[in-house]
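# Architecture and fold: a report
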Amino acid sequence: MKKSNFVALILGTIGVVFFALGMCMALLPEWGMFNPGIVCGVIGLVVLLITILIWRKMEGKAPIKINAKTVGAVLVGVLGALLLGVGMCMSMVFGKMVLGIVVGLVGIVVLLMLIPLVKGIK
């Protein structure tokens, strides 16, 4: 395993754990930790963004260019992840199983739309 991949693995794991814990803290009313959950989730997102920058630098790749396609792909990814998470919460926490499954499936479809959006269809 290359050093850049190992560093990305470690930092990515740390970022995902912080983000997931923050989502749980913010979205589970039983925990009563909405504000600390938002802070924890933002810390996870920042670590994940730093991971991308560090990995690209270690691989010798050019920095990511911010254009309309990149911003659109990020927005579609965020929307899909949020829909999937809301669907899961509706199913598991709020007892709305059918509606939660439908919303979660819509989130999965939105995330699957990222493949042709980013890679294109040949």
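### Re the confidence of the model for the protein
- Across the protein, the average pLDDT comes to 90, with 100% of residues at or above 70.
- Of all helices and strands in the protein, the one with the weakest mean pLDDT is helix H5 (residues 114-119) (88), whereas helix H4 (residues 97-112) scores best (94).

### Here's the deal with the side chain of Ser4
- Looking at the secondary structure, you find Ser4 in helix H1 (residues 3-27).
- Within the structure, Ser4 has its side chain in polar contact with the side chain of Glu59 (distance 2.3 Å).
- Other than its neighbours up to four places away in sequence, Ser4 contacts Trp55, Met58 and Glu59.

### Structural notes on the environment of Leu99
- Mapping Leu99 onto the fold places it in helix H4.
- Since its relative accessible area comes to 46%, Leu99 is described here as partly exposed.

### What to know about the side chain of Thr51
- As for its placement among the helices and strands, Thr51 is situated in helix H2 (residues 34-59).
- Here Thr51 is in contact with Ala8, Leu11 and Gly12, once residues within four sequence places are set aside.

### Here we look at H2
- For H2, spanning 26 residues, the distance from its first C-alpha to its last is 38 Å, which sits close to the expected 38 Å at 1.5 Å a residue.
- Regarding H2, the residues found buried are Gly37, Cys40, Gly41, Gly44, Val47 and Thr51.
- The positive-phi residue at the C-terminal boundary of H2 is Gly60, with phi of around 75°.

### What about the pattern of salt bridges?
- This model, assessed by the stated rule, comprises 1 salt bridge.
- For Lys2, the salt bridge identified is with Glu59, shortest N-O distance 3.1 Å. Of the two residues, Lys2 is situated in the segment before H1 and Glu59 in helix H2; the sequence distance between them amounts to 57 residues.

### A look at the packing of H1 against H2
- Where H1 meets H2, the axes come as close as 7 Å, and the angle between the chain directions of the two elements is 165°. By the criterion of interaxial angle, the relationship of H1 to H2 is roughly antiparallel. Crossing angle aside, the handedness with which H1 passes H2 is left-handed.

### Some words on the packing of helix H3 (residues 68-92) against H4
- Relative to each other, H3 and H4 sit at 160°, their axes nearing to 7 Å. Accordingly, the angle class assigned to the pair H3 and H4 is roughly antiparallel. Crossing angle aside, the handedness with which H3 passes H4 is left-handed. Residues Val76, Gly77, Leu79, Gly80, Ala81, Leu83, Leu84, Val86, Gly87, Met90 and Ser91 of H3 lie in contact with H4, whose contacting residues are Met97, Leu99, Gly100, Ile101, Val103, Gly104, Val106, Gly107, Ile108, Val110 and Leu111.
- Classifying every residue of the contact of H3 with H4 by side-chain character gives 15 nonpolar, 7 polar and no charged.

Calculation notes
- Residues numbered from 1 in each chain as written.
- Predicted model: local features only at pLDDT ≥ 70, side-chain atom pairs only at ≥ 80, totals over all residues.
- Heavy atoms only, no water.
- pLDDT = per-residue confidence, 0-100.
- Helix = DSSP H or I, 4+ residues; strand = E, 2+ residues; numbered from the N terminus.
- Polar contact = N/O pair within 3.5 Å; in protein donor to acceptor, adjacent residues only side chain to side chain.
- Contact = heavy atoms within 4.5 Å.
- Buried < 20%, exposed > 50% of the residue type's maximum accessible area, 1.4 Å probe, protein only.
- Expected span 1.5 Å × (residues − 1).
- Salt bridge = Lys/Arg side-chain N within 4 Å of Asp/Glu carboxyl O.
- Axes fitted to C-alpha atoms, helices over the stretch in contact; angles between N-to-C directions.
- Parallel < 35°, antiparallel > 145°, perpendicular 65-115°, else oblique.
- Left-handed = near helix turned anticlockwise from the far one by under 90°.
- Nonpolar A, V, L, I, M, F, W, Y, C, P; charged D, E, K, R; others polar.

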